[in-house]
Amino acid sequence: MSLVYFLFAQTLLFAIPLMIVALGGMFSERSGVVNLALEGIMIIGGFAGVFYLNYMQSNDILHGMPLLLTGLLISGIVGILFSMLHAFAAIHLSADQTISGTALNMLAPALGIFIAKTVQDGMQNVSFTNEFRISEVSGLSSIPVLGDLFFKNCYFTTFLGIAILIISWYFLMKTKTGLRIRSCGENPQAADAAGISVYKIRYLGVGISGFLAGMGGLIYILPISTEFTCTVAGYGFLALAVLIFGNWAPLRIAGAAFFFGFMKTLSYTYNSVPLLAKMSLPDTTYKLIPYVATLILLAFTSKNSAAPRADGVPYDKSKR
């Protein structure tokens, strides 16, 4: 049973940031803008958050939960600002969304490394002290089964991710603004005829995407490392696969994220799983597990996916 608890805890660490970033991509694509820049936004948001943690801890200004919350907020804000470059190019200038997103993915790591080396006298890695792991949540950790699964050796970001999932579902499916986001992606002409500013809604969708992806960058780094090297190991692209596999729906995205999170866990902890350890395969083979699973599932499910429309339709500039 201890192995089950261990695998579940590790799956949460990988699945939560993946789910948050994929939910961000959902808002952008539901509004009609394909956001391939999730990887770059994760990198720049994670860099800003880790740099903030480093500065605050080095100068002994802020610690604990206030530091984590403000760090997440800064990562999200920087993610919004960076995503606006994609929004301006794709929405305002009607540029090719694929090229725009790819350009930001190339810009983000270079920009992060440049800033880090400039500020830190040639040092590329930005380090911080991980003081955010919660060893035990008093009272809740004694709940049978659930206490061991969720409330021991956990991170606040796990509960934040669950809250973001619930809020995202309600916002997209039950609110007027969520309906407008969906309508602008599925039928922008009808939305425009109804008096909805398609430009503004799409900027909103990309902005939400940037905020969640920026936070996701920091959430990804916190439990797995104490320094940031301006890379998120392709997590932004994996989030796109989760988004497609989840059929652009919040709850399905959550399920897909946990599946891929579990595959990622197996690729890193195969020595702890007796069956995998006995196979004695090369390390690279295990590392390929989540990506091979991604390709296989996308190959079988892509025909059944219902991607929202993302066509660029000219609108009256006065309605921007």
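The structure displayed is predicted, hence computed values, not measured ones. Residue positions are given per chain, counting from 1 as you read along its sequence in written order. Side-chain atom pairs in this predicted model are given and counted only at pLDDT of 80 or more, local residue features only at pLDDT of at least 70, and totals for whole chains, interfaces and linings cover all residues. Side-chain numbers come from the whole structure's heavy atoms, not from hydrogens or water.

1. Concerning a nonpolar patch on the surface
Patch membership requires over 30% relative accessible area and the absence of a salt bridge. Like charges are linked within 9 Å, and nonpolar side chains (Val, Leu, Ile, Met, Phe, Trp, Tyr) within 5 Å. Shrake-Rupley sampling with a 1.4 Å probe provides the accessible areas, and residues are treated as covered by the protein chains on show and by no other component. Just to be clear on terms, a salt bridge is a Lys or Arg side-chain nitrogen sitting within 4 Å of an Asp or Glu carboxyl oxygen. Together, L85, L107, L111 and F114 give the surface a local cluster of nonpolar side chains, amounting to about 360 Å² of exposed area. With 3 residues, the top contributor of residues to the nonpolar patch is helix 4 (residues 97–119). Assignment of secondary structure puts L107 in helix 4. Exposure categories follow from relative accessible area, calculated using a 1.4 Å probe and restricted to protein chains: below 20% of the type maximum is buried, above 50% is exposed, and the middle band is partly exposed. On the basis of relative accessibility, which here comes to 37%, the residue L107 falls in the partly exposed class. Per the convention used, a helix needs a DSSP run of H or I reaching at least four residues, while a strand needs a run of E reaching at least two, with both numbered from the N terminus.

2. Quick word on the confidence of the model for the chain
Should pLDDT be low for a region, the predicted coordinates there are not to be read in detail. Values of pLDDT, which run from 0 to 100, indicate the predictor's confidence residue by residue. Confidence along the chain averages 86 in pLDDT terms, with 93% of residues attaining 70 or more. Contacts of residues 310–320 to residues separated by more than four positions or lying in other chains number 22 contacts, the stretch itself having pLDDT below 50. In what follows, a contact means two residues having at least one pair of non-hydrogen atoms within 4.5 Å.

3. A short note on the packing of helix 6 (residues 156–174) against helix 9 (residues 198–221)
With axes taken as lines fitted to C-alpha atoms, and helix axes fitted only over the stretch in contact, angles between N-to-C directions fall between 0 and 180 degrees. At a minimum axis distance of 12 Å, the contact between helix 6 and helix 9 shows a crossing angle of 165°. Comparing the axis directions of helix 6 and helix 9 gives the class roughly antiparallel. As helix 6 packs across helix 9, the resulting crossing turns out to be left-handed. Residues T157, L160, I164 and F171 of helix 6 pack against I208, L212, M215 and I219 of helix 9. Here the nonpolar group is Ala, Val, Leu, Ile, Met, Phe, Trp, Tyr, Cys and Pro; Asp, Glu, Lys and Arg are the charged ones; every other residue, Gly included, is treated as polar. Looking at side-chain class alone, the contact of helix 6 with helix 9 contains 7 nonpolar, 1 polar and no charged residues. Oblique is the label for any angle not covered by the other classes, which are roughly parallel (under 35 degrees), roughly antiparallel (over 145) and roughly perpendicular (65 to 115). Note: crossing handedness is left-handed where the near helix turns anticlockwise from the far helix by less than a right angle, and right-handed where it turns clockwise.

4. Comments concerning the layout of surface pockets
Estimated volume of the largest pocket: approximately 270 Å³. Think of a 1 Å grid over just the protein atoms. A cavity is a set of points where a 1.4 Å probe fits yet cannot get out, a pocket is an open set with protein on both sides within 12 Å along at least five of seven lines, and lining residues have an atom within 4 Å of a point. Residue lining of the largest pocket: 15 residues in total, with Y5, A9, K152, N153 and C154 positioned closest to the centre. Elements with a minimum of two residues in the lining of the largest pocket: helix 1 (2–31), helix 5 (146–150) and strand 3 (152–155). Along the lines of polarity and charge, the residues of the lining of the largest pocket split into 9 nonpolar, 3 polar and 3 charged. Grid points are joined across faces, edges and corners, and a volume is the space filled by probe spheres set on the points.

5. Some words on the packing of aromatic side chains
Put simply, two rings from Phe, Tyr or Trp (the six-membered ring, in Trp's case) pair if the centres are within 6.5 Å, and we call them stacked under 30 degrees between planes, edge-to-face over 60, tilted for the rest. According to the stated counting rule, one finds 8 aromatic pairs in the structure shown. Their ring planes at 50° and their centres at 5.8 Å tell us that F27 and F171 sit as a pair that is tilted. With F27 in helix 1 and F171 in helix 6, the pair connects residues that are 144 residues apart, well separated along the chain. When the ring of F151 is compared with that of F159, the centres are 5.6 Å apart and the planes differ by 15°; the resulting orientation is stacked. Here F151 falls in the buried class, since its relative accessible area comes to 15%. Taking the relative accessible area as the measure of exposure, F159 reaches 25% and is therefore partly exposed. Through successive ring pairs, a cluster of aromatic residues spans F8, F150, F151 and F159.

6. Considerations on the packing of helix 1 against helix 6
Contact geometry for helix 1 and helix 6: axes closest at 9 Å, N-to-C directions at 25°. Taken as axis vectors, helix 1 and helix 6 run roughly parallel relative to one another. In this structure, helix 1 crosses over helix 6, and the sense of that crossing is left-handed. Here L12, I16, M19, I20, L23, M26, F27 and R30 of helix 1 come into contact with helix 6, specifically with T157, T158, G161, I162, I164, L165, S168, F171, L172 and M173. Its residues assigned to classes, the contact of helix 1 with helix 6 comprises 13 nonpolar, 4 polar and 1 charged.

7. Re empty space enclosed by the protein
Counted under the stated rule, the structure contains 1 cavity of 30 Å³ or more. Estimated volume of the largest cavity: approximately 50 Å³. The wall of the largest cavity is formed by L12, L13, I16, P17, Y155, T157, T158, I219 and P223. Elements with a minimum of two residues in the lining of the largest cavity: helix 1 and helix 6.

8. What about the nonpolar core?
What makes a nonpolar core is a set of buried Ala, Val, Leu, Ile, Met, Phe, Trp, Tyr and Cys residues whose side-chain atoms join them at distances within 4.5 Å. By size, the foremost hydrophobic cluster in this structure holds 67 residues, and its most contacted members are L23, L53, F132, L212, Y235 and V242. Here this core gets 11 residues from one element, more than from any other, and that element is helix 1. Aside from chain neighbours lying at most four places away, what touches F132 is L53, Q57, G64, L67, L68, C154, Y155 and L222. Counting residues in hydrophobic clusters, the runner-up holds 6 residues, among them A87, A90, I91 and Y199.

9. Considering helix 10 (residues 235–245)
Of all 11 residues in helix 10, 8 are buried, a share of seventy percent or more. Residues Y235, G236, L238, A239, L240, A241, V242 and L243 constitute the buried set of helix 10. Once helix 10 ends, the next one or two residues include N247, with phi positive near 60°.

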